[in-house]
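Secondary and tertiary structure notes
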Amino acid sequence: MTIEWHGSRLGFRRATHECTPEVLSVLDEAAAWLMARGISQWPARFQAAWVEEAISRGETWLVGLGEETAGTVTLDWQDRVWADVGGTAGYIHRLAVRRWATGLGSIVLDWAAVRARQRGVAALRLDCVRSNHRLRSYYEERGFRHRGDVPVGGAPGQRLEDGPVTWVSRYELSIP
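Rules of the game
Residues numbered from 1 in each chain as written. Predicted model: local features only at pLDDT ≥ 70, side-chain atom pairs only at ≥ 80, totals over all residues. Heavy atoms only, no water. Pairing = 2+ DSSP bridges. Helix = DSSP H or I, 4+ residues; strand = E, 2+ residues; numbered from the N terminus. Axes fitted to C-alpha atoms, helices over the stretch in contact; angles between N-to-C directions. Phe/Tyr/Trp six-rings, centres within 6.5 Å; stacked < 30°, edge-to-face > 60°. Buried < 20%, exposed > 50% of the residue type's maximum accessible area, 1.4 Å probe, protein only. 1 Å grid on protein atoms, 1.4 Å probe; cavity = no way out; pocket = protein on both sides within 12 Å on 5 of 7 lines; lining within 4 Å. Points joined across faces, edges and corners; volume = space filled by probe spheres on them. Nonpolar A, V, L, I, M, F, W, Y, C, P; charged D, E, K, R; others polar. Contact = heavy atoms within 4.5 Å.

As a further point, take the sheet that holds strand β5 (residues 89-97). Strand order in this open sheet of 8 strands is β1-β2-β3-β4-β5-β6-β8-β7, and the pairing throughout is mixed. Each edge of the sheet is formed by a strand with only one pairing partner; in this case those strands are β1 (3-5) and β7 (145-153). Averaged over all adjacent pairs, the angle separating strand axes in this sheet is 35°, with direction ignored. Of the pairings in the sheet, the one linking strand β6 (residues 123-129) to strand β8 (residues 165-174) comprises 7 bridges and is antiparallel in character.

Quick look at the structure:
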């Protein structure tokens, strides 16, 4: 699937273990920007261990614009945060774009919806920290429906069995 954005070709490629520093760089840039605005969506810095499993499964992607990496996203096919909700779905995690690529997130969401449709699932799901009202509004404007708030273990951006609790808001987009 070829996508043009601001006159440049946009490409999606699976991240490999060699790409881990690049994935972390994009995530850390986005996390720093959020923290500078007082938004506790993610930790100040991501650890490689938090992304390596998804990279190993082939679920993490780098988004390239021309020759530059503009963003990253993980699209996987299960998430225990949604265990109480039935149906098949794709799950978006760690969607981030570099500051110079602001606005690219909606294209990445569209790409994920196409991938989910190709896989034959009924919905695309994601979550964000409950207190991030601006991001919640953004998802709602994109057609995602709020599906409740749930506690998750660990710092914002983590998924642990224990540790501090972070409340997240879940959102779902039906795939036609």
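What follows covers the packing of aromatic side chains. How two aromatic rings sit relative to each other is given by the distance of their centres and the angle of their planes. Here the structure, examined in full by the defined rule, presents 8 aromatic pairs. Measuring from ring centre to ring centre gives 6.3 Å for W82 and Y91, while their planes differ by 55°; the resulting arrangement is tilted. Looking at Y91, the relative accessible area reads 6%, which means it is buried. Look at Y139 and Y171: their rings are 6.0 Å apart centre to centre, the planes differ by 45°, and that puts the pair in the tilted class. You can see Y139 sitting in helix α4 (residues 133-141) and its partner Y171 sitting in strand β8, a full 32 residues away along the chain. According to the relative accessible area criterion, Y139 is buried, its value standing at 8%.

With that settled, consider empty space enclosed by the protein. Counting across every chain of the model gives 1 cavity of 30 Å³ or more. Computed from the structure, the largest cavity encloses a volume of approximately 30 Å³. For the largest cavity, the full set of lining residues is V23, L27, V51, T60, T72, V73, T74 and R94. Among the elements of the structure, α1 (20-36) and β4 (68-76) are those that each provide at least two residues to the lining of the largest cavity. Counted by class, the lining of the largest cavity contains 4 nonpolar, 3 polar and 1 charged residues.

Locating S106 in the fold gives a position in helix α3 (residues 105-119). Along the sequence, S106 and R142 sit 36 residues apart, while their C-alpha atoms lie 7.9 Å from each other. Dropping the residues within four chain positions of it, S106 is found in contact with Y138 and R142.

Honestly, that's just the spatial picture; any functional story needs more than this.
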